[in-house]
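Report on the structure
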Amino acid sequence: MRAAVMERGAFRVETLDDPVPGPGEVIAKSVACGICGSDLHAARHTEDFVATSREAGGAFKLTTFDPVVLGHEFCAEVVDFGPGEAPAGVRVGDHVCSVPMLARQPVVPVGYSPDAPGGFAEYMLLTAELLQRVPTGLPPTHAALTEPMAVGYHAVNMARLEGGETTLVIGAGPVGLAVVAALKALRADANAKAPGAILVAEYSPERRRLAEKLGADTVVDPAERAPWQLPEIAKGEPIVAFECVGVPGVIDQMFLGAPRHSRLVIVGVCLQTDHARPLIAINKELNVQYVLGYTAAEFAETLRLIADGVLPVEPIITHTVGLDGVGEAFETLATPDQQGKVLVAPWDA
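Right, let's walk through the structure included here. Bear in mind that the values here come from a model prediction, so they are computed numbers and not experimental data.

Calculation notes
- Residues numbered from 1 in each chain as written.
- Predicted model: local features only at pLDDT ≥ 70, side-chain atom pairs only at ≥ 80, totals over all residues.
- Heavy atoms only, no water.
- Helix = DSSP H or I, 4+ residues; strand = E, 2+ residues; numbered from the N terminus.
- Pairing = 2+ DSSP bridges.
- Axes fitted to C-alpha atoms, helices over the stretch in contact; angles between N-to-C directions.
- Buried < 20%, exposed > 50% of the residue type's maximum accessible area, 1.4 Å probe, protein only.
- Core = buried A, V, L, I, M, F, W, Y, C linked by side-chain atoms within 4.5 Å.
- Parallel < 35°, antiparallel > 145°, perpendicular 65-115°, else oblique.
- Left-handed = near helix turned anticlockwise from the far one by under 90°.
- Contact = heavy atoms within 4.5 Å.
- Disulfide = S-S within 2.5 Å.
- Right-handed = clockwise from strand over helix to strand, strands pointing away.
- Salt bridge = Lys/Arg side-chain N within 4 Å of Asp/Glu carboxyl O.
- Expected span 1.5 Å × (residues − 1).

1. A closer look at the environment of histidine 45
By secondary structure assignment, the location of histidine 45 is in the loop between helix H1 (37-44) and helix H2 (46-56). Distance from histidine 45 to arginine 8, taken between C-alpha atoms, is 7.9 Å for residues 37 residues apart in sequence.

In structure tokens, the structure reads:
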């Protein structure tokens, strides 16, 4: 199979052996796969990414410095089953999504291990029991955003909104946009504790436009106006703020700007050592919640919400590239002024 292989930040397209599914696994054709911020971190800061992940002991990590096929935000087509009985409800030809892991002992992260090539290849291995069938009529390109949208959905769930709070999303990259969409979706649920105003701070004009399309009530360019000066925040009542940037210094800025008793949800992944002054948060009695990923139930629910149109994903997709364009896409995303979600279509010429 053809695959875009990454080795310490450099990409090349190679022909690799097709993966062979073991018991309880399927081989699937990667139809569409998003480029994630974690992929960018893995490519730009491979050594820090590996070392920090191993030190933290998390399951979602790059397991090797050797060449690896990235890509964990995917929609794939089932091609064949491994040894044993095929799972009920899944057939060859079905489009599927999955939590990106192989349920082996130990668990193998899809797209971050040489044993489980990700969606930047023509074929990949998946665990049959984890497959979620894509509802009829949902385009594979939209289904591929289940994974990143689930991250935003989980972050909003972890914020434990009480209803009516002003919310501020800092950063409108794919994760920030997923948070905006999840916040907006709460307003469509009569039984949900929906937020009040949805505010977004983002430097990129294109990403500010995308945030508005997804449901932001107010967007601001931090270069022109600090988000903490917006009327909804300046009145001093507690807010819920989502950090979706992952750049050193942002959390400290949030400590300074947030009103007393606010809740801060940290979604962005910062690999570098950061500097934040706890005394500021202590004086304001801020609540800080770090979040990661999603649950299997949240993943399945996210796919359903996308299929039902409650979580709109089409506006987020701004570019699609083939395998030969993966390296250039990573270079472009190093300064993401115009991009939302970039998809890789391995079978496109």
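Don't stop here, the text continues.
2. Examining the sheet that holds strand S11 (residues 198-201)
Within the open sheet, the 6 strands sit side by side as S12-S11-S10-S13-S14-S15. Their pairing is parallel. Of all strands in the sheet, those bounded by a partner on one side alone are strand S12 (218-220) and strand S15 (287-290). Going across the sheet, the axis of each strand differs from the next one's by a mean of 20°, ignoring polarity. Bridge count for S11 against S12 is 3 bridges, and the pairing is parallel. Note that in S12 the partner of valine 200 across the bridge is valine 219.

3. Observations concerning the environment of glutamate 331
Position of glutamate 331 relative to the elements: it lies in helix H11 (residues 326-332). The exposed category is assigned to glutamate 331, whose relative accessible area is 62%. Once the C-alpha coordinates of glutamate 331 and glycine 171 are considered, the two residues, 160 residues apart in sequence, prove to be 20 Å apart.

4. Brief notes about the nonpolar core
Counting residues in each nonpolar core, the largest one holds 49 residues, and the members touching the most others are Met149, Val156, Val169, Val179, Leu183, Phe242 and Val267. Broken down by element, this core gets its largest block of residues, 9 residues, from helix H5 (residues 174-187). One finds Leu40, Val90, Val108 and Val342 within the second-largest nonpolar core, a separate group that totals 44 residues.

5. Some points on the packing of H5 against helix H6 (residues 205-214)
Viewed as axis vectors pointing N to C, H5 and H6 meet at an angle of 20°, and their least axial separation amounts to 9 Å. Classified by the angle their axes make, H5 and H6 are roughly parallel. With respect to the hand of their crossing, H5 and H6 are arranged in right-handed fashion. Along the contact surface, H5 presents Pro174, Leu177, Val180, Ala181 and Lys184, while H6 presents Arg207, Leu210, Ala211 and Leu214.

6. Quick word on H6
Owing to its 3.6 residues per turn, the α-helix aligns residues three or four sequence positions apart on the same side. The complete set of buried residues in H6 reads Glu206, Arg207, Arg208, Leu210, Ala211 and Leu214. Glycine 215 occupies a position one or two residues after H6 and carries a positive phi of about 125°.

7. Focus on the state of the cysteines
Taken as a whole and judged by the stated rule, the model has 0 disulfides. Sulfur of cysteine 244: no disulfide; nearest cysteine sulfur belongs to cysteine 36 and is 12 Å away. Here cysteine 244 falls in the buried class, since its relative accessible area comes to 10%.

8. Quick notes on the pairing of S15
Of the strand pairs in this sheet, strand S14 (residues 263-266) and S15 are connected by 4 bridges, and their pairing is parallel. The partner of valine 265 across the bridge, within S15, is glutamine 289. Running through helix H9 (residues 278-284), the crossover from S14 to the neighbouring parallel element S15 is right-handed.

9. Some words on the pattern of salt bridges
Under the criterion given, the structure shown has 15 salt bridges. For glutamate 73, the salt bridge goes to lysine 341, with nearest N and O atoms at 2.8 Å. Residue glutamate 73 is found in strand S4 (residues 73-81), and its partner lysine 341 is found in strand S17 (residues 341-344); the two are separated by 268 residues along the sequence. Overall, the relative accessible area of 2% leaves glutamate 73 in the buried class.

10. As for helix H10 (residues 296-307)
With 12 residues, H10 extends 17 Å from end C-alpha to end C-alpha; this agrees with the ideal 16 Å at 1.5 Å per step. Structurally, H10 contributes buried residues whose contacts are with strand S5 (95-98), strand S9 (131-133), helix H3 (140-143) and helix H4 (146-159). One or two steps after H10, the chain reaches glycine 309, where phi turns positive at roughly 80°.

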